[in-house]
Amino acid sequence: MPAYRSPSRRLRRSRGALLAGALASTAALTLTGTGTAVAAPPAPDELVRSGQAWMGAGTRIEQGSASSAAGDVTPMDTSGVQGIDVSHWQGAINWGSVKAAGIDFAYMKATEGTTYKDSRFSANYTGSYNAGLIRGAYHFARPDVSNGATQANYFASSGGGWSKDGKTLPGVLDIEHNPYGAMCYGLSTTQMRTWINDFYNTYKARTTRDVVIYTTASWWNTCTGNWTGMSAKSPLWVAHWGTSSPNIPAGFPTWTIWQYSATGRVSGVSGDVDRNKFNGSMTRLQALANNTA
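Given the structure is predicted, the values throughout are model-derived calculations rather than measurements.

**Topic: the confidence of the model for the chain**
- Per-residue confidence for the chain gives a mean pLDDT of 87, with 83% of residues at or over 70.
- Across residues 66–73, confidence stays below pLDDT 50; counting only partners more than four residues off in sequence or on other chains, it has 22 contacts.

**Quick look at the state of the cysteines**
- One pass over the full model with this rule turns up one disulfide.
- With a sulfur-sulfur separation of 1.9 Å, C184 is cross-linked through a disulfide to C223. Taking the sign of the S-S torsion, -75° for the link of C184 and C223, the bridge is left-handed. Here C184, found in the loop between β7 (172–174) and α7 (189–207), pairs with C223, found in helix α8 (residues 217–223); they are 39 residues apart in sequence, far enough to count as distant. The two residues C184 and C223 agree in class, both being buried.

**Details of α7**
- In a regular helix each residue adds 1.5 Å, so 19 residues correspond to 27 Å; α7 covers 27 Å between its end C-alpha atoms and thus fits that length.
- Looking at α7, one finds that the buried residues are M192, W195, I196, F199, Y200, T202, Y203 and T207.
- Next to the buried residues of α7 lie β6 (134–140), α6 (148–157), β7, β8 (212–215) and α8.
- Positive backbone phi, approximately 75°, marks T208, located one or two places after α7.

**As for the side chain of R135**
- Relative to the helices and strands, R135 is located in strand β6.
- Summary of buried charges: R135 has no salt-bridge partner, and the nearest side chain of opposite charge, D165, is 4.3 Å away.
- For R135, the residues in contact, after removing those within four places along its chain, are A106, M108, Y125, S128, Y129, D165, K167, T168 and L169.

**Notes on the pattern of salt bridges**
- Taken as a whole and assessed by the stated rule, the structure comprises seven salt bridges.
- Here D77 and K277 are joined by a salt bridge, their closest N and O atoms 3.0 Å apart. With D77 in the loop between α3 (59–63) and β3 (81–86) and K277 in strand β11 (residues 273–278), this residue pair connects regions lying 200 residues apart in the sequence.
- Taking the relative accessible area as the measure of exposure, D77 reaches 25% and is therefore partly exposed.
- Of the residues examined, K277 reaches a relative accessible area of 14% and is grouped as buried.

**With respect to helix α9 (residues 282–290)**
- Of the positions making up α9, those classed as buried are L285, A287, L288 and A289.
- Those residues of α9 that are buried lie in contact with β3, β4 (105–112), β6 and β11.
- Looking one or two places after α9, you find N291, whose phi comes out positive at around 60°.

**Here's the deal with the packing of aromatic side chains**
- Within the structure shown, the criterion is met by eleven aromatic pairs.
- Taking the centre distance of 5.4 Å and the plane angle of 65° together, the rings of W220 and F252 count as edge-to-face. Remark: F252 occurs in the loop between β9 (236–239) and β10 (257–264) and W220 occurs in helix α8; sequence separation between them is 32 residues. Per residue, the accessibility class of W220 equals that of F252, and both read buried.

**Here's the deal with unusual backbone geometry**
- The backbone phi angle of Y185 is positive, close to 60°, even though this residue is not glycine.
- One non-glycine residue with positive phi stands out, namely T208, at about 75°.
- Position of T208 among the secondary structure elements: in the loop between α7 and β8.

**Focus on the packing of α6 against α7**
- Following both chains from N to C, one finds α6 and α7 inclined at 35°, their axes separated by 7 Å at the closest point. Considering only the axes of α6 and α7, their crossing is right-handed. On α7, the residues touching G148, A149, Q151, A152, N153, F155, A156 and S157 of α6 are W195, D198, F199, T202, Y203, R206 and T207.
- Residues of the contact of α6 with α7, tallied by class, amount to seven nonpolar, six polar and two charged.

Cut-offs and rules
- Residues numbered from 1 in each chain as written.
- Predicted model: local features only at pLDDT ≥ 70, side-chain atom pairs only at ≥ 80, totals over all residues.
- Heavy atoms only, no water.
- pLDDT = per-residue confidence, 0-100.
- Contact = heavy atoms within 4.5 Å.
- Disulfide = S-S within 2.5 Å.
- Helix = DSSP H or I, 4+ residues; strand = E, 2+ residues; numbered from the N terminus.
- Buried < 20%, exposed > 50% of the residue type's maximum accessible area, 1.4 Å probe, protein only.
- Expected span 1.5 Å × (residues − 1).
- Lys, Arg positive; Asp, Glu negative; His and termini not counted.
- Salt bridge = Lys/Arg side-chain N within 4 Å of Asp/Glu carboxyl O.
- Phe/Tyr/Trp six-rings, centres within 6.5 Å; stacked < 30°, edge-to-face > 60°.
- Axes fitted to C-alpha atoms, helices over the stretch in contact; angles between N-to-C directions.
- Left-handed = near helix turned anticlockwise from the far one by under 90°.
- Nonpolar A, V, L, I, M, F, W, Y, C, P; charged D, E, K, R; others polar.

Now the structure itself:
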């Protein structure tokens, strides 16, 4: 993201530069319901900085730009229990408006790797809870920077914990196409299986919950070698845009959550937001939150 420029420096710029800057700012920024300016995520041809990834940052490499027609299926499957996932890229969110729009659950980015915390996690986690949504946290996996156990501990200690309060969903391991480099983060299929299993075991030891796995069929089948080892452990959150029925990674019997669009619109959120559907009734979602499923 561009560095902040002081007012004095901006005053010294030429009128032409000022006009160009204003036009660029108008194109790059939108206003939330609370009036806060929000920068758009990096374009598909721009680099994503470490710590700035979001759920779907790697998925769009596989499935196309979120702004393209491939991002949606028309009509979108907005029936049943609906949710969104967000990060700092959505800026300030009016969670009361989100709830009124028919959204029942939300996940928000908490951490990435071993050092990054999302700048809006606390506001999103508290705001969604106060608005009456069932909510949870996700960790953007970086298998290239540490082992799985280290990242699971970091996540559990930095917002990814769980409590049986009826409003907290189990944490999510967001493991997808690497937006920073090689698709499988430089790991072999055997190493990737070990990494995921270590994350799972550590997270469960810390929280008593099975971590939810967010991924795509393409990434999972390629980078884990069609591994079936998590199918009886973790609920599956599958990302598959532009289809009426998602492809399921090897071994998983079905999906628990389906991210069906990266270009959804919801009142209370400025600009695009990921749309998701829960595979079941509201009672079943509450059971997942309470660990009584």
